[in-house]
Amino acid sequence: MLPMDGATLAEAMHQRGINMRYLGKVVEFISKTPTRQQLDHIYKIGIMELITRSAKHIFKIYLQGVELSGLSAAISHFLNCFLSSFPNPVAHLPADELVSKKKNKRRKNRNLGAADNTAWATMSPHELWKNICSEAKSYFDFSLECESVDQAVEMYNLQKITLLREISLKTGIQILLKEYNFDNRHKPSFTEEDILNIFPVVKHVNPKASDAFNFFQSGQAKVQQGFLKEGCELISEALNLFNNVYGAMHVEICAGLRLLARLNYIMGDYSEALSNQQKAVLMSERVLGIEHPNTIQEYMHLALYCFANSQLSTALNLLYRARYLMLLVFGEDHPEMALLDNNIGLVLHGVMEYDLSLRFLENALVITSKYHGAKSLKVALSHHLVARVYESKAEFRSALQHEKEGYTIYKNQLGEHHEKTKESSEYLKYLTQQAVALQRTMNEIYKNGSNANIMPLKFTAPSMASVLEQLNIINGILFIPLSQKDLENLKAEVQRRHQLQQALKSSDQPEAEERAPEESEPEASPPVLAAPEQRITLSSPNGPRD
């Protein structure tokens, strides 16, 4: 999965052995690279991280000079200086609460906040942003060319709501859920009533079941190579270990449920796929949070399975929710937004909302062209999707124009004899025939008026099967070419293990312990978590990282 916020960027850098201390060097390298435009989303996230991490360093020192009674007022004042367009925010707090009446001798030797416990109230936005730029230069060796939040937003194309989310996650601030007006120059954005709580944020390393993770990766690789039985055994063993090490609620268990849902979907069991993906979504919300990038990906998968189960309104609601969260976490200009807009556009096409569908599909085309290049295969697919909607609207001139663009890309990239090029060529011929038939009809009407002998035009509504096929393609779901016999055998094996799991759950623990020595070793380990065998899938080139 592509980085979408500061946490996922930090994870991507750490996986490659790069410390966040070198974030300034990474951002500077991106700004000078020839493919700067295609890395614009990484550059934007990097700038947000530089600003919010520098602000976090200043915030830690800032809080040391604050009395406990003035904590909420101090935090709201800091946020106003950091994010509000109000030029001179003033901390509103009664004087008897600002100054502690008790003299604490132990604080006399402290440099920060020792002389005056109200020093924090004199901070101004200009001073704070000057300190942020200085901290970014000294700690990350990167020069931020902004003197206020409005300059930063305009120069680097940032969102204030995204900056608020990032600083809140990094400092542990919990604020009131409401609509904040950051651009009001006559009133500060935050008051002390908006600050609900503050939690400690401690650096830590998540424990990792390395053996289980290696089994899990090996199992995925085996499934991708077509060795289903070997992949089943490895993934089953991995998820047994995950459950023993982590317990029932963990991000790796969530990934296993996602794999299980994908396998059910590939085998045509749409209802079971929907059930397992719902569990994955609920677990992701509990473990990672409702606005985490991984949760957004889970919503997209759940929407696909809802569409396959003919729950069209639910699928649309899930996709709209995912888009709203992505706008909150990052903004409009992200490669994943193109994938999400393609999903929304296709579902809207399926329910014959053509005008709204075009808005999303054309936006996806613009984003895809920016990040993948105007001649990429993804752009060709986007042109084809737009052409299909124009065809449904009987606007054949626009449909032909987009399909010709797609055909040219396929021809140049894959050659004239490739299957995709031939499909595009056939679709072009069909569009041309429809356009000619429509023009003849119009000419007949103009010539003979109401007496015209008009042949009925064939306008076919998009079928759910064709829309679902396109959804599978853009989401990177690849079906394994199995014979019917192999597919039935695989379903029977999955069902057997599921029944075995239910039987083990219903049995008493002492009885299970008495039976264990009598069973042979190959039969004893997989049933502990029988469902893992169902978690096989092909990993998606466009979908989230499993």
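Residues numbered from 1 in each chain as written. Predicted model: local features only at pLDDT ≥ 70, side-chain atom pairs only at ≥ 80, totals over all residues. Heavy atoms only, no water.

Colleague: Help me understand the pattern of salt bridges in this model?
Modeller: Where charged atoms from two side chains of opposite charge come close, those side chains can pair. Taken as a whole and judged by the stated rule, the model has 24 salt bridges. The salt bridge partner of Lys160 is Asp150, with a shortest N-O separation of 2.9 Å. With Lys160 in helix α8 (residues 160-171) and Asp150 in helix α7 (residues 149-156), the pair connects residues that are ten residues apart, well separated along the chain. Note that Asp341 and Arg323 form a salt bridge whose closest N and O atoms lie 2.6 Å from each other. Of the two residues, Asp341 sits in helix α15 (residues 335-350) while Arg323 sits in helix α14 (residues 312-329), which places them 18 residues apart along the sequence. On the basis of relative accessibility, which here comes to 12%, the residue Arg323 falls in the buried class. It is possible to trace a salt-bridge network through shared partners that takes in Asp5, Glu49, Arg53, Arg165, Glu166, Lys170 and Glu291. (Salt bridge = Lys/Arg side-chain N within 4 Å of Asp/Glu carboxyl O. Helix = DSSP H or I, 4+ residues; strand = E, 2+ residues; numbered from the N terminus. Buried < 20%, exposed > 50% of the residue type's maximum accessible area, 1.4 Å probe, protein only.)

Colleague: Got a minute to help me understand helix α11 (residues 251-266) in this structure?
Modeller: Quick reminder: α-helices carry 3.6 residues per turn. Residues three or four places apart thus point the same way. Here α11 is 16 residues long and its end C-alpha atoms lie 23 Å apart, about the 22 Å a rise of 1.5 Å per residue gives. Counting buried residues along α11, 15 of its 16 residues qualify, which places the element largely inside the surrounding structure. Of the residues trailing α11, Gly268 is marked for its positive phi of about 90°. (Expected span 1.5 Å × (residues − 1).)

Colleague: What am I meant to see in the nonpolar core here?
Modeller: A general trend in soluble globular proteins is that nonpolar side chains are found buried together. Ile47, Phe82, Leu144 and Leu471 are the most contacted members of the largest nonpolar core, which has 114 residues in total. A per-element tally of this core places helix α3 (residues 40-63) first, with eleven residues. (Core = buried A, V, L, I, M, F, W, Y, C linked by side-chain atoms within 4.5 Å.)

Colleague: Is there a simple way to explain the packing of aromatic side chains in this structure?
Modeller: To describe a pair of aromatic rings, you give the distance between the ring centres and the angle between the ring planes. Under the defined criterion, the tally for this structure stands at 16 aromatic pairs. Considering the side-chain rings of Phe182 and Phe190, the 6.0 Å spacing of their centres and the 55° angle between planes classify their relative orientation as tilted. For Phe190, a relative accessible area of 2% gives the class buried. Centroid distance Tyr265 to Tyr305: 5.1 Å. Interplanar angle 40°. Geometry classified as tilted. With Tyr265 in helix α11 and Tyr305 in helix α13 (residues 293-308), the pair connects residues that are 40 residues apart, well separated along the chain. These aromatic residues form a ring-pair network of at least three members: Phe59, Tyr62, Phe78, Phe82, Trp120 and Trp129. Positioned above the aromatic ring of Tyr139, the side-chain terminus of Arg21 is 4.4 Å from the ring centre. Against the face of Tyr43 rests Arg36, its NZ or CZ located 3.9 Å from the ring centre. (Phe/Tyr/Trp six-rings, centres within 6.5 Å; stacked < 30°, edge-to-face > 60°. Lys NZ or Arg CZ within 6 Å of the ring centre and 35° of its normal.)

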